[in-house]
2 protein chains.
Amino acid sequence: MKSQTQFYHAGCPVCTSAEKFVAQSLDPARFDVEIVHLGEQGQRIGEAEQRGVQSVPALVLDGQVFHINHGADLSALA
Amino acid sequence: MKSQTQFYHAGCPVCTSAEKFVAQSLDPARFDVEIVHLGEQGQRIGEAEQRGVQSVPALVLDGQVFHINHGADLSALA
């Protein structure tokens, strides 16, 4: 079974780069990557926060949060 | 041809987690990931620095640097 993985971003240039180079580079045989744009899906900010996301872009993989470079703090999106 | 990718780390817990969950999750059909332990291979700190690595763990993918969470500044390793 594939791991359900979320990539949270806010459309910023740092986010776009991380999406293109990291999120889309994960092994498709092992991961289903859901791309979540928190700027457009503000109702999911709470979910991201609860999972430990502090800034975007961030990848949540098997429950572990990986902040990739730094685009914007989550608090700036709410 | 596969992309040559470097994952720079220093053996710290944050590094180990990023290696396990991110570096080892890249698509093996598209990437050859070289794991570089800068604590043990101090002679490669200059190379990492020149490529824009500021802290470990960091992934350099197609010339782009992605700092994943924060274990240690590169300056602390030299």
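Everything below is about the structure printed above this text.
All values derive from a computational prediction rather than experimental measurement.

Novice: Could you clarify how one ought to interpret the overall build of chain A in this entry?
Specialist: Helix and strand counts for chain A come out as two helices and four strands. Helices and strands appear in chain A in the N-to-C order β-α-β-α-β-β. Dimensions along the principal axes, computed over C-alpha positions, put chain A at roughly 35 × 25 × 20 Å. Within chain A, buried positions represent 49% of all 78 residues. Pairs at least 24 residues apart make up 60% of the contacts formed inside chain A by residues separated by at least 6 positions. For chain A, the computed accessible surface area is about 3800 Å², with 48% contributed by carbon and sulfur atoms.

Novice: What is the right way to read helix α1 (residues 13–21) of chain A from this model?
Specialist: Note: α-helices contain 3.6 residues per turn, so residues at a spacing of three or four share the same orientation. For α1(A), every residue scored as buried is listed here: C15(A), S17(A), A18(A), E19(A) and F21(A). Structurally, α1(A) contributes buried residues whose contacts are with β1 (3–9), β2 (31–37), β3 (55–61) and β4 (64–73) of chain A together with β3 (55–61) and β4 (64–73) of chain B.

Novice: What's the story with the interface of chain B and chain A in this structure? I'm lost.
Specialist: Of the residues lining the interface, 19 residues belong to chain B; the matching set on chain A comes to 19 residues. For the pairing of chain B and chain A, the buried interface totals around 1600 Å² over both sides, and the portion due to carbon and sulfur atoms is 57%. There are zero salt bridges connecting chain B and chain A. Counting across the chain B and chain A interface gives eight residue pairs in polar contact (both at pLDDT 80 or more). For the side of chain B that touches chain A, the elements supplying multiple residues, two or more each, are α1 (13–21) and β4 of chain B. The element contributing the most residues to the side of chain B that touches chain A is β4(B), with six residues. Tallied by class, residues from the side of chain B that touches chain A come to ten nonpolar, six polar and three charged.

Novice: Looking at this structure, how should I read the pairing of β4(A)?
Specialist: Successive side chains on a regular strand alternate, one facing one side of the sheet and the next facing the other. All names here are of chain A. Taken together, the six bridges between β3 and β4 define a ladder with antiparallel strand orientation. Residue pairing for β4: L59 is matched across the bridge by F66. The antiparallel hairpin formed by β3 and β4 contains two residues in its connecting segment, where D62 sits at a positive phi of about 50 degrees.

Novice: Is there a simple way to explain unusual backbone geometry in this structure?
Specialist: Glycine aside, the phi torsion of most residues is negative, and most peptide linkages are trans. That bond from V56(A) to P57(A) is cis: its omega, -5 degrees, falls within 30 degrees of zero. Phi at D62(B) is positive, roughly 50 degrees, even though this residue is not glycine. Residue position: D62(B) is located in the loop between β3 and β4.

Novice: I'm lost on the pattern of salt bridges in this one. Help?
Specialist: Taken as a whole, this structure holds eight salt bridges over all chains when the rule is applied. Three or more residues are tied together by salt bridges with common partners; here these are E34(A), R44(A) and E47(A).

Novice: What is the right way to read the packing of aromatic side chains from this model?
Specialist: Each aromatic ring pair is specified by the distance between its two centres and by the angle formed by the two planes. Following the criterion strictly, the structure yields two aromatic pairs over all chains and no others. With a centroid separation of 5.9 Å and an interplanar angle of 35 degrees, the aromatic rings of F21(A) and F66(B) are classed as tilted. One end of the pair, F21(A), is in helix α1; the other, F66(B), is in strand β4, on a second chain.

Scoring rules and cut-offs
Residues numbered from 1 in each chain as written. Chains lettered and ligands numbered in written order. Predicted model: local features only at pLDDT ≥ 70, side-chain atom pairs only at ≥ 80, totals over all residues. Heavy atoms only, no water. Helix = DSSP H or I, 4+ residues; strand = E, 2+ residues; numbered from the N terminus. Buried < 20%, exposed > 50% of the residue type's maximum accessible area, 1.4 Å probe, protein only. Contact = heavy atoms within 4.5 Å. Areas by Shrake-Rupley, 256 points an atom, 1.4 Å probe, with all protein chains shown as cover. Buried area = accessible area lost by both parts, 1.4 Å probe. Salt bridge = Lys/Arg side-chain N within 4 Å of Asp/Glu carboxyl O. Polar contact = N/O pair within 3.5 Å; in protein donor to acceptor, adjacent residues only side chain to side chain. Nonpolar A, V, L, I, M, F, W, Y, C, P; charged D, E, K, R; others polar. Pairing = 2+ DSSP bridges. Phe/Tyr/Trp six-rings, centres within 6.5 Å; stacked < 30°, edge-to-face > 60°.

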